[in-house]
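The chain contents come next:
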Amino acid sequence: MAIIKPFKLEEVRNALTSIGIEGLTVTEVKGYGRQKGHTEIYRGAEYAVNFLPKLKIEVAVPADRADAAVDAIVGAAKTGQIGDGKIFVVDLVKAVRIRTGEADAAAL
């Protein structure tokens, strides 16, 4: 699972595709970390934007491909600026492809 800046989506998708990872899920999310939001001016009034728009990308890969996926995402999503995002690697207990019934690695 990765939280990235929205404009980096195509670069991340291309990086994952280039290492053979075909599927991913993208969700529009809002949040903040050390960045803590920012202020904007709308119709002359200043207001705080506490939750910034981000994208959450979820990719399921076999354990032996996890490091390559992380490296691809970092390489594509990094700008060097605050708010680049985070990657969380979690264990996947089971995966099932609904259409065929394939399970675990065969379903990925």
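Definitions and limits used
- Residue indices follow the written sequence of each chain, beginning from 1 at its first position.
- Given that the model is predicted, a residue must reach a pLDDT of at least 70 before its local features are reported, and side-chain atom pairs must reach 80 or more before they are shown or counted; all residues, however, enter totals for whole chains, interfaces and linings.
- Only hydrogens and water are set aside; all other atoms, that is, all heavy atoms of the structure, feed into the side-chain values.
- What we call a nonpolar core is a set of buried Ala, Val, Leu, Ile, Met, Phe, Trp, Tyr and Cys residues that are connected through their side-chain atoms within 4.5 Å.
- Relative accessibility thresholds used throughout: buried, under 20% of the residue-type maximum; exposed, over 50%; partly exposed, between the two (1.4 Å probe, protein chains only).
- Helix numbers and strand numbers start at the N terminus; a helix is a DSSP run of H or I with at least 4 residues, a strand a run of E with at least 2.
- What makes two strands pair is DSSP finding at least two bridges between them.
- Axis definition: a line fitted to C-alpha atoms, over the contacting stretch in the case of helices. Angles run 0 to 180 degrees between N-to-C directions.
- A crossing counts as left-handed when the near helix is turned anticlockwise from the far one by less than a right angle, and as right-handed when that turn is clockwise.
- The contact definition used throughout considers only heavy atoms, calling two residues in contact when any of these lie within 4.5 Å.
- In this classification, the charged set is Asp, Glu, Lys and Arg, the nonpolar set is Ala, Val, Leu, Ile, Met, Phe, Trp, Tyr, Cys and Pro, and all remaining amino acids, among them Gly, are polar.
- In predicted models, pLDDT denotes the confidence assigned by the predictor to each residue on a 0 to 100 scale.

A. Representation of the nonpolar core. Ranked by size, the top nonpolar core spans 15 residues in total, and within it I4, V12, L16, I21, V61, A69 and I73 carry the most contacts. Of all the secondary-structure elements, those providing two or more residues to this core are strand 1 (2–4), helix 1 (9–18), strand 5 (52–58) and helix 2 (66–77). Tallying contributions element by element places helix 2 first for this core, with 6 residues.

B. Region of the structure containing the sheet that holds strand 5. Read from one edge to the other, the open sheet built from 4 strands follows the order 2-5-1-6, with strand pairing classed as antiparallel. Only two strands of the sheet have a single partner each, and these edge strands are strand 2 (25–31) and strand 6 (85–87). Recorded for the sheet is a direction-independent mean angle of 25° between the axes of neighbouring strands. As paired elements, strand 1 and strand 6 share 3 bridges and run antiparallel to each other.

C. Quick peek at the packing of helix 1 against helix 2. Two elements in contact, helix 1 and helix 2, have axes separated by 8 Å at closest approach and are oriented at 145°. In the packing of helix 1 onto helix 2, the handedness of the crossing is right-handed. Each of E11, V12, A15 and L16 in helix 1 lies in contact with helix 2, whose residues at this interface are A69, A72, I73, A76 and A77. Classifying every residue of the contact of helix 1 with helix 2 gives 8 nonpolar, no polar and 1 charged.

D. Structural context of the confidence of the model for the protein chain. Averaged over every residue, the pLDDT of the protein chain is 90; the share at 70 or more is 90%. The element-level mean pLDDT for the protein chain is lowest in strand 3 (residues 38–42), coming to 64, with helix 1 highest at 98.

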